[in-house]
Amino acid sequence: MPHSDPRVVASLSQALRDITAEVLETMFYVFPEESPAEGAGEEAWVTAVFRFEGAPSGVVTVALTAGAARSAAANFLAIDEEETGDGQVGEVVCEMANMVGGCLLGCIENRTPLQPFPPELVNAEAFAGREAVASHVFYLENGEMRVSLYWE
Amino acid sequence: MAFRFLIVDDSAAMRAVVHRVLTMTGVEIAGCWEAANGEEALAVLAGQKVDLILTDINMPRMDGEQFVAKLVATEELRGIPVLVVSSAQTEMRAMRMMALGARGFVKKPFLPETLREQLLPLLGVSHAA
């Protein structure tokens, strides 16, 4: 399967990193940092998935710690964090997954277009134990973000 | 001159962002309506005249491609300029929408300046404050 070729995987991994950084900076005004914030990773996670079907089928997961998710949502909506409801946080993380996944599909597609599905929130443990094709951690001012690609 | 806009996207968060970016373009806004899909957008257009439509592509019930097809098939609506605002994976579909009559395509993620550059010519504005 061409998508298991190490060169293809390396290229997709780099694309996943670059696309995520661009989405964070352009739409969320969030700039990744070199090292984790104190206590980062100990909070609950907000996780959204972007699924696609075709050759290959797969899923892109975008997970943010609760504080980072609320901060990104507030930036995206241009409102105060205190005014940002849980529903808005979830919807914004879904939109983040939609943008990252949508852009990444352009790198995965060959001749046949892949069918994307609307992003949705999932339990943070939904992908525990599964091996990702590519995965990156971004350290943010208010927590962490993990973005991963899985084949299905 | 003030303009009326219709934003069509199934994500309320994305509609809010597009609305905010519109306010940052410097164009005077006389009205801005929102719809979550093509069906809702057609219902809005039955009661409101707008100067420009900004639409996503992947939406439930009636997607952006079906929506643009309906617009161009309706005599009183086919003259409204349509700007497609969607993510990169839908570029092929955006091109099909352009072939149907959409007038521009802005890829998500986008900078406010990118939307502004696409928007102003469609409104016949060379520059805004």
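Up top is the structure.
Now for a look at the structure at hand. None of these values were measured; they are calculated from a predicted model. (Residues numbered from 1 in each chain as written. Chains lettered and ligands numbered in written order. Predicted model: local features only at pLDDT ≥ 70, side-chain atom pairs only at ≥ 80, totals over all residues. Heavy atoms only, no water.)

## Considerations on the overall build of chain B
Condition: Per the convention used, a helix needs a DSSP run of H or I reaching at least four residues, while a strand needs a run of E reaching at least two, with both numbered from the N terminus. Under the scheme applied here, a residue whose accessible area is under 20% of the maximum for its type counts as buried, over 50% as exposed, and between as partly exposed, the area being computed with a 1.4 Å probe on protein chains only. Only the protein chains shown count as cover for residues, with accessible areas throughout obtained via the Shrake-Rupley method and a probe of 1.4 Å. The charge count includes Lys and Arg as positive and Asp and Glu as negative, but it does not include His or the ends of the chains. By convention, the charge on Lys lies at NZ, on Arg at CZ, on Asp at CG and on Glu at CD.
A count of helical and extended segments in chain B gives 5 helices and 5 strands. Along the first, second and third principal axes, the C-alpha atoms of chain B reach 35 × 30 × 25 Å. The proportion of buried residues among the 129 residues of chain B is 54%. Summed over all atoms, the accessible surface of chain B reaches about 5,700 Å², with 52% contributed by carbon and sulfur. Counting 13 positive and 15 negative side-chain charges, chain B places the centres of these two groups 2 Å from one another.

## Re the overall build of chain A
Selection rule: Each radius of gyration is computed over the set of C-alpha atoms, and the globule rule expresses the reference value as 2.2 Å times the number of residues to the power 0.38. In this description, contact between two residues means that some pair of their heavy atoms is separated by no more than 4.5 Å.
The helix and strand tally for chain A stands at 3 helices and 6 strands. Secondary structure of chain A in N-to-C order comes out as α-β-β-α-α-β-β-β-β. The C-alpha atoms of chain A give 15 Å as radius of gyration, which agrees with the globular expectation for 152 residues (15 Å, within 12%). Its C-alpha atoms give chain A principal-axis dimensions of about 45 × 30 × 30 Å. Counting over 152 residues, chain A shows a buried share of 47%. Put simply, of all contacts in chain A between residues at least 6 apart along the chain, 68% involve residues at least 24 apart. Chain A carries 7 positive and 24 negative side-chain charges, and their two centres are separated by 13 Å.

## Considerations on helix 3 (residues 86–108) of chain A
The condition that has to hold: Expected helix span is given by 1.5 Å per residue-to-residue step, counting one fewer step than there are residues.
Taking 1.5 Å per residue, 23 residues should reach 33 Å; helix 3 of chain A reaches 32 Å between its end C-alpha atoms and fits that length. Within helix 3 of chain A, 17 of the 23 residues are buried, leaving the element largely enclosed by the surrounding structure.

## Looking at the interface of chain B and chain A
What counts here: Put simply, a salt bridge is a Lys or Arg side-chain nitrogen that is within 4 Å of an Asp or Glu carboxyl oxygen. Pairs of N or O atoms within 3.5 Å make up the polar contacts considered here, provided that, within protein, one atom can donate a hydrogen while the other can accept it, and that residues adjacent in sequence are counted only when both atoms are side-chain atoms. Three classes are used: nonpolar for Ala, Val, Leu, Ile, Met, Phe, Trp, Tyr, Cys and Pro, charged for Asp, Glu, Lys and Arg, and polar for all others, with Gly counted as polar.
In this assembly, 18 residues from chain B lie in contact with 21 residues from chain A. At the boundary of chain B with chain A, the tally comes to 1 salt bridge. For B:Lys108, the salt bridge is made with A:Glu95, and the minimal N-O distance between the two is 3.2 Å. At the junction of chain B with chain A, the criterion picks out 4 residue pairs in polar contact (both at pLDDT 80 or more). Tallying contributions element by element places helix 1 (residues 12–24) of chain B first for the side of chain B that touches chain A, with 6 residues. Here the side of chain B that touches chain A is composed, by residue class, of 11 nonpolar, 4 polar and 3 charged.

## So, the packing of helix 1 (residues 6–28) of chain A against helix 3 of chain A
Residue and element names in this part refer to chain A. Quick note on the threshold: For helices, the fitted line uses only the C-alpha atoms of the stretch in contact; every axis is such a line through C-alpha atoms, and the angle between N-to-C directions lies from 0 to 180 degrees. Should an angle lie under 35 degrees it is considered roughly parallel, over 145 roughly antiparallel, and from 65 to 115 roughly perpendicular; all remaining angles are considered oblique. In this scheme the handedness of a crossing depends on how the near helix is turned from the far one: anticlockwise by less than a right angle means left-handed, clockwise means right-handed.
Where helix 1 meets helix 3, the closest approach of the two axes is 9 Å, and the angle between their N-to-C directions is 140 degrees. As summarised for this structure, helix 1 and helix 3 are arranged oblique, according to the angle between their axes. Judged by the sense of rotation from one axis to the other, the crossing of helix 1 with helix 3 is right-handed. Taking contact as the criterion, the partners of Leu12, Ala15, Leu16, Ile19, Thr20, Val23, Leu24, Met27 and Phe28 in helix 1 are, on helix 3, Val92, Met96, Met99, Val100, Cys103, Leu104, Cys107 and Ile108. Here the residues of the contact of helix 1 with helix 3 are counted per class, giving 16 nonpolar, 1 polar and no charged.

## Considering the sheet that holds strand 1 (residues 2–8) of chain B
All names here are of chain B. The line we're drawing: Here a strand pair is declared whenever DSSP counts at least two bridges between the two strands.
Within the open sheet, the 5 strands sit side by side as 2-1-3-4-5. Their pairing is parallel. Where the open sheet ends on each side, the last strands, each with one partner, are strand 2 (28–35) and strand 5 (104–108). Averaged over neighbouring strand pairs, the angle between their axes works out to 20 degrees when direction is ignored. As paired strands, strand 1 and strand 3 (residues 52–55) are joined by 4 bridges and run parallel to one another. Bridge assignment links Val8 to a residue of strand 3, and that residue is Thr55. Together, strand 1, strand 2 and strand 3 form the strand contacts of helix 2 (residues 38–47), whose direction differs from that of strand 1 by roughly 150 degrees.

## Examining the nonpolar core
Our working rule: We define the nonpolar core as a collection of buried residues of types Ala, Val, Leu, Ile, Met, Phe, Trp, Tyr and Cys that are connected through side-chain atoms lying within 4.5 Å of one another.
Membership of the largest hydrophobic core comes to 65 residues, with the highest contact counts inside it found for A:Phe28, A:Phe76 and B:Leu54. Broken down by element, the residue count for this core peaks at 12 residues, all from helix 3 of chain A. If we ignore the near neighbours within four places in the chain, the residues touching A:Phe76 are A:Met27, A:Phe28, A:Val92, A:Glu95, A:Met99, B:Ala13, B:Met14, B:Val17 and B:Arg20. Residues B:Val44, B:Ile53, B:Leu77 and B:Ala94 belong to the second largest nonpolar core, which totals 22 residues.

## Brief notes about helix 5 (residues 112–123) of chain B
Residues and elements named next belong to chain B. Defined as follows: For this quantity, the arc is that covered by the directions from the helix axis to the C-beta atoms.
Counted at 1.5 Å a residue, the expected span for helix 5 with its 12 residues is 16 Å, and the 16 Å between its end C-alpha atoms agrees. Among the residues of helix 5, Pro112, Leu115, Leu119, Leu120, Leu122 and Leu123 are the ones counted as buried. Along the long axis of helix 5, the arc covered by the buried residues comes to 160 degrees, so they all point the same way. Facing away from the buried side of helix 5 by over 90 degrees, the exposed positions are Glu117 and Pro121. In this fold, the buried residues of helix 5 make contact with strand 1, helix 1, strand 3, strand 4 (82–87) and strand 5.

## Notes on the state of the cysteines
As a reminder of what qualifies: Two cysteine sulfurs form what is called a disulfide whenever their separation falls within 2.5 Å.
This model, assessed by the stated rule, comprises 0 disulfides over all chains. Take A:Cys103: it sits in no disulfide, and the sulfur closest to it among the cysteines is that of A:Cys107, at 8.1 Å.

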